[in-house]
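Take a look at the letters that make up each chain.
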Amino acid sequence: MERFLQIAPHSLAIVLRRVGTEHAAAVTDEIQHRHTGYEIFADFKAENMQHFWNKKVTEAVQETFFLGWIDEHVLLIQGKEEHLEVLREGWTRRALKAPRGFEIQCIGECDKTATASIHH
């Protein structure tokens, strides 16, 4: 019997892919040596705080929090639902920027996870 467990309400998974060219090799090498996802999250926020033409995106990014970094390419963020909706819209309008050295492949919901009971 499968059940659903809500692990991280009001959160998004941002799936990233490393990118790099010969011109950006120094930036990519620097990012590859980061030890925490929090630094990548901080760079994501910094890149998106420069939306002077779109104050909603700037405010939404400012109000998100780092939740986790999975498998070296999935950034989990958390915030109020209205801010996450602005980020989803920004993604569909190609206004959301990836951290340096990455590109955003997709954005996914992480509201519910299927779980199976394991008995002793």
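Scroll up to find the structure this text is about.
What comes next concerns the included structure. (Residues numbered from 1 in each chain as written. Predicted model: local features only at pLDDT ≥ 70, side-chain atom pairs only at ≥ 80, totals over all residues. Heavy atoms only, no water.)

Notes on the pattern of salt bridges
- Here the structure, examined in full by the defined rule, presents 5 salt bridges.
- A salt bridge links Glu81 to Arg88; its shortest N-O distance comes to 2.9 Å.
- The class for Glu81 is partly exposed, based on a relative accessible area of 33%.
- Under the relative-accessibility criterion, Arg88 is labelled buried at 14%.
- Here Arg88 and Glu85 are joined by a salt bridge, their closest N and O atoms 2.8 Å apart. Note that Arg88 and Glu85 are positioned in helix H4 (residues 81-92) at a spacing of 3 residues, about one turn of the helix.
- Each of Glu81, Glu85 and Arg88 takes part in a single network of salt bridges with overlapping partners. (Salt bridge = Lys/Arg side-chain N within 4 Å of Asp/Glu carboxyl O. Buried < 20%, exposed > 50% of the residue type's maximum accessible area, 1.4 Å probe, protein only. Helix = DSSP H or I, 4+ residues; strand = E, 2+ residues; numbered from the N terminus.)

So, the packing of aromatic side chains
- This model, assessed by the stated rule, comprises 4 aromatic pairs.
- Taken together, a centroid distance of 5.9 Å and an interplanar angle of 50° make the contact between Tyr38 and Phe41 tilted. With Tyr38 and Phe41 both in helix H2 (residues 37-48) and 3 residues apart, this pair spans about one turn of that helix.
- Given the relative accessible area of 3%, Phe41 is considered buried. (Phe/Tyr/Trp six-rings, centres within 6.5 Å; stacked < 30°, edge-to-face > 60°.)

Concerning H4
- Taking 1.5 Å of rise per residue, 12 residues should cover 16 Å, and H4 covers 17 Å from first to last C-alpha, within 8% of that figure.
- Just downstream of H4 lies Arg94, where phi reads positive at about 60°. (Expected span 1.5 Å × (residues − 1).)

Observations regarding helix H3 (residues 55-62)
- All of the buried residues along H3 are Val57, Thr58, Ala60 and Val61. The arc that holds the buried residues of H3, viewed along the axis, is 165°, so those residues lie on one side. The exposed set on the far side of H3, more than 90 degrees from its buried face, consists of Lys55 and Lys56.
- On its buried face, H3 is in contact with H2 and H4. (Arc of directions from axis to C-beta. Contact = heavy atoms within 4.5 Å.)

Quick word on the nonpolar core
- By size, the foremost hydrophobic cluster in this structure holds 20 residues, and its most contacted members are Ile14, Leu16, Phe44, Leu75, Ile77, Leu87 and Ile104.
- Of all the secondary-structure elements, those providing two or more residues to this core are strand E2 (11-18), H2, H3, strand E4 (74-78), H4 and strand E5 (102-109). (Core = buried A, V, L, I, M, F, W, Y, C linked by side-chain atoms within 4.5 Å.)

With respect to the environment of Glu63
- Of note, Glu63 is situated in the loop between H3 and strand E3 (65-70).
- Residue Glu63 is classed as partly exposed on the basis of its relative accessible area, which comes to 33%.
- C-alpha of Glu63 to C-alpha of His83: the two residues are 20 residues apart in sequence and 7.2 Å apart in space.

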